[in-house]
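Summary of structural features
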Amino acid sequence: MNNSPTNHRYDGIQALRFFAALLVVVTHSTFYAAERLGVGKEIWHNGARGVDIFFIISGVVMVISSRRLIENEEGWKIFATKRLQRIVPLYWGATTFKVITVLLMSSLVLHAEMDWWTIFKSYLFIPSINLDGDITPFLGVGWTLVFEMFFYFVFAAALFFRKNIYVFAGAVLLVFSFASLLRGETFSPWWYLMDSIILEFYAGMVIGYFALKRKFWPSTFSILVGLLALAFLLLSTDIDHAPLPRFIWSGIPAAIIVWSVMSLEKYLHGRIPRGVMFFGAASYALYLFHPLIAPFAPMILSKLSLRSFPLSVLFSLAISMVAAAVIHRWIELPFNNLIYSYQQRLSKNPQESS
């Protein structure tokens, strides 16, 4: 490893967010083309590994962004508030959008039903069984946020009890991960969080720890192992048929990619195209809303009698990115700025909150 200067802002990570979201959108777009247009021989499952990259990044970001909260008695509260503000509003918005779509145009949604108890639990990030018998929220991609919120809870608890975040979070995540060995192939929603995938958050925390210590891989080594890990993620056996637990099969390569990109930050900083950086910032909107937008592409092509698999996938990508850009620019950012302004006003006039 070598020492690399860092200001704790990583353009490479922002670009990697976009890449991870794009992988997920591509996978779902191949599914929509096959299901709604009847073209394409098989779904490209490996794009789902963008989630593993997201989870690694989440662990990294939590450590780096919360470094000043560890010694703060109110640190857990500040952390929890920021995480809720970042995750909840847009997720609730996407979930509500889907509820309205099912109510008004049910024919557009093929894998959902109006089960209000399931919808209620989805808003609260509580695992539940959906129409297809899977343990998935009403908004399907919300399954990752169930794990995210659990990780945030564990991290906030470490701050609340003033414990070493690496020891406390590591112990909890390890226990839940090893408990997955007891749950069997079929299990109730109560066992949902007991999955090896949660160790990816801890792998990200470890990377974040070394980043704060300014310990990075040499550049040539980073490029080499990063490309090898990327090739493995994109080309190896998909998750459903993997011979090893997901943390090992997908999480470790994802961690290598993230650490490699961070190690190359001195070459990437300020050199990544603005469009890529923008969609990195809009990656959360892209991830949440693409299942509500991308299916329109094969539906439109079907009406036009254009049964092309590549065209359907590209069309789904295009309209998903346009929708994400609009939502990020005109909804997510203004809302976040409004919340920030309100908090600033409260900090200057504490009596307003009483």
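Note that this is a predicted model, so its numbers are computed, not measured.

Topic: the overall build of the protein
Secondary structure assignment for the protein yields 14 helices and two strands. In terms of C-alpha radius of gyration, the protein reaches 21 Å, essentially the compact-globule figure of 20 Å for 354 residues. Structurally, the protein occupies a C-alpha span of about 60 × 55 × 45 Å along its principal axes. Counting across all 354 residues of the protein, residues that qualify as buried make up 49%. A total of about 17,800 Å² of accessible surface is found on the protein, and carbon and sulfur atoms cover 66% of it. Taking the average location of the 28 positive side-chain charges in the protein and that of its 20 negative ones, the two points are 11 Å from each other.

A word on the side chain of arginine 49
Within the secondary structure, arginine 49 is located in the loop between helix 1 (11-37) and helix 2 (50-65). Here arginine 49 occupies a buried position and makes no salt bridge, while the nearest side chain of opposite charge, aspartate 52, is found at 5.4 Å. A distance of 3.0 Å separates the side chain of arginine 49 from the side chain of serine 250, its partner in a polar contact. In contact with arginine 49, not counting residues within four places along its chain, are Phe232, Leu233, Ser236, Thr237, Asp238, Ile239, Arg246, Trp249 and Ser250.

Remarks on the packing of helix 7 (residues 199-212) against helix 9 (residues 246-263)
Direction vectors running N to C along helix 7 and helix 9 enclose 25°, while the axes themselves pass 10 Å from each other. The orientation of helix 7 with respect to helix 9, classified from their angle, is roughly parallel. Taken as a pair, helix 7 and helix 9 cross one another with a handedness that is right-handed. Of the residues in helix 9, those in contact with Leu199, Glu200, Ala203, Ile207, Phe210 and Ala211 of helix 7 are Arg246, Phe247, Ser250, Gly251, Ala255, Trp259 and Met262. Its residues assigned to classes, the contact of helix 7 with helix 9 comprises nine nonpolar, two polar and two charged.

Overview of the packing of helix 1 against helix 13 (residues 296-303)
Between two packed helices, what matters for the description is the angle formed by their axes and the separation of those axes. Contact geometry for helix 1 and helix 13: axes closest at 8 Å, N-to-C directions at 35°. Here helix 1 runs over helix 13; the crossing is right-handed. Of the residues in helix 13, those in contact with Tyr32, Ala33, Arg36 and Leu37 of helix 1 are Pro298, Met299, Leu301 and Ser302.

Thresholds applied
- Residues numbered from 1 in each chain as written.
- Predicted model: local features only at pLDDT ≥ 70, side-chain atom pairs only at ≥ 80, totals over all residues.
- Heavy atoms only, no water.
- Helix = DSSP H or I, 4+ residues; strand = E, 2+ residues; numbered from the N terminus.
- Rg over C-alpha atoms; globule rule 2.2 N^0.38 Å.
- Buried < 20%, exposed > 50% of the residue type's maximum accessible area, 1.4 Å probe, protein only.
- Areas by Shrake-Rupley, 256 points an atom, 1.4 Å probe, with all protein chains shown as cover.
- Lys, Arg positive; Asp, Glu negative; His and termini not counted.
- Charge placed at Lys NZ, Arg CZ, Asp CG, Glu CD.
- Salt bridge = Lys/Arg side-chain N within 4 Å of Asp/Glu carboxyl O.
- Polar contact = N/O pair within 3.5 Å; in protein donor to acceptor, adjacent residues only side chain to side chain.
- Contact = heavy atoms within 4.5 Å.
- Axes fitted to C-alpha atoms, helices over the stretch in contact; angles between N-to-C directions.
- Parallel < 35°, antiparallel > 145°, perpendicular 65-115°, else oblique.
- Left-handed = near helix turned anticlockwise from the far one by under 90°.
- Nonpolar A, V, L, I, M, F, W, Y, C, P; charged D, E, K, R; others polar.

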